[in-house]
Amino acid sequence: MSFSKIVALPVICLYILFTFSIGNQVSGTPTGAPAAACSTMTPDHGVPPQTSASPYVTIPTLVLDESVRLTLLVNSTGISTFKGFLVMAFDNSLGDTAAPIGTFSEIVEETPAITPANYLNCLSGSKNAATHTNNIEKVIVNLLWVPPSGFVGNVVFKTTFVRNVTTFWVKTLSDVISVSSTTTTITPSTTTTPSTTTTPSTTTTPSTTPSTTTTPSTTPSITTTPSTTPSITTTPLTTTTPAGAPQLAPWIGTIFLALVTFMLASSA
């Protein structure tokens, strides 16, 4: 066996062993960061975190009940997704060694819907950290954080984003947000039913119905057959016979006949 083959064989074995160990680490935490990561927020991937500016952001938005909606998303043109995350809230007036505060809510009625997450009990707290439930590539994550009852102060969120097993950014800082919570804010106070939903008393039937709806008595009587039709239209005036004409004609015939008879009698 040549010298090159003797040297190459151990190198290949070490490469296979390294790859297998990294693969076990990835498959060992596909459902989120373990509780052991609470103190440092650093994945145990066997490689150091990135020191460049994080291409991801955590955007806190204060809602009416003083809870905070968190949006985790990409803020770079060169990267489009991430696979894992671990996020916590801290009192900004305390140092880096302070424990996380508040709790992450599992309310799913929010709009947009809360992204399913695993909640960790870090450093004697309760559900004060949120992490991924799978290692599927993600574009955006929506979470809801509730401050401690009575807390007044400035809060900063720290998020570890995991792009892949060897590329991740630890404790990416959000903008600082002021929170003033004097009461427990799990249930929004805006869900109460308004007292103005009673039936108005103005729905009764008005008694002011006009009496002028009866049939008017002012119908003109001139709608009957007019009496102004002239009576001279029956027989034209020009067709009448003179009063003396009908009586004279019979007498003329009689006289003429009498004269003829007389003349015949005389000649005989």
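Residues numbered from 1 in each chain as written. Predicted model: local features only at pLDDT ≥ 70, side-chain atom pairs only at ≥ 80, totals over all residues. Heavy atoms only, no water.

A. Broad picture of the environment of Gln-50. The residue Gln-50 is located in the loop between α1 (3-28) and β1 (56-62) in this model. When the C-alpha atoms of Gln-50 and Thr-167 are compared, they prove to be 6.6 Å apart, with 117 residues separating the residues in sequence. Once residues within four sequence positions are removed from consideration, Gln-50 is found in contact with Thr-166, Thr-167, Phe-168 and Trp-169. (Helix = DSSP H or I, 4+ residues; strand = E, 2+ residues; numbered from the N terminus. Contact = heavy atoms within 4.5 Å.)

B. View of the pattern of salt bridges. Scanning all chains against the criterion turns up one salt bridge. Among the salt bridges present, the one from Asp-96 reaches Lys-158, with a minimum N-O distance of 3.3 Å. Of this pair, Asp-96 sits in the loop between β3 (84-91) and β4 (103-104) while Lys-158 sits in strand β8 (residues 152-164); the two residues are 62 residues apart in sequence, bridging distant segments of the chain. Residue class for Asp-96 comes out exposed when judged on its relative accessible area of 64%. (Salt bridge = Lys/Arg side-chain N within 4 Å of Asp/Glu carboxyl O. Buried < 20%, exposed > 50% of the residue type's maximum accessible area, 1.4 Å probe, protein only.)

C. Structural view of the state of the cysteines. In the structure shown here, the tally under the stated rule is one disulfide. Bridging Cys-38 to Cys-122, the disulfide has an S-S length of 1.9 Å. On the S-S bond that ties Cys-38 to Cys-122, the torsion sits near -55°, and the link is left-handed. In this pair, Cys-38 sits in the loop between α1 and β1 while Cys-122 sits in the loop between β5 (118-120) and β6 (129-131), placing the two residues 84 residues apart along the sequence. (Disulfide = S-S within 2.5 Å.)

D. Examining the nonpolar core more closely. Formed by 27 residues in total, the largest nonpolar core has its most connected members in Leu-143, Trp-145 and Val-155. The set of elements that each furnish at least two residues to this core consists of β2 (68-74), β3, β7 (140-146), β8 and β10 (177-180). (Core = buried A, V, L, I, M, F, W, Y, C linked by side-chain atoms within 4.5 Å.)

E. Examining the pairing of β10 more closely. Residue alternation in β10 divides its side chains into a buried set, Ile-177 and Val-179, and an unburied set, Ser-178 and Ser-180. The pairing of β8 with β10 spans four bridges and is classified as antiparallel. Considered in β10, the bridge of Val-152 is made with Ser-180. (Pairing = 2+ DSSP bridges.)

F. Main features of unusual backbone geometry. Phi at Met-41 takes a positive value of approximately 60°, unusual for a residue other than glycine. Within the chain, Lys-127 stands out as a residue other than glycine whose phi angle is a positive 50°. With respect to the element layout, Lys-127 can be found in the loop between β5 and β6.

G. Spatial organisation of the confidence of the model for the chain. Across the chain, the average pLDDT comes to 73, with 59% of residues at 70 or higher. Overall, residues 183-249 carries pLDDT values under 50, and its contacts beyond four positions in sequence, including any with other chains, amount to 12 contacts. (pLDDT = per-residue confidence, 0-100.)

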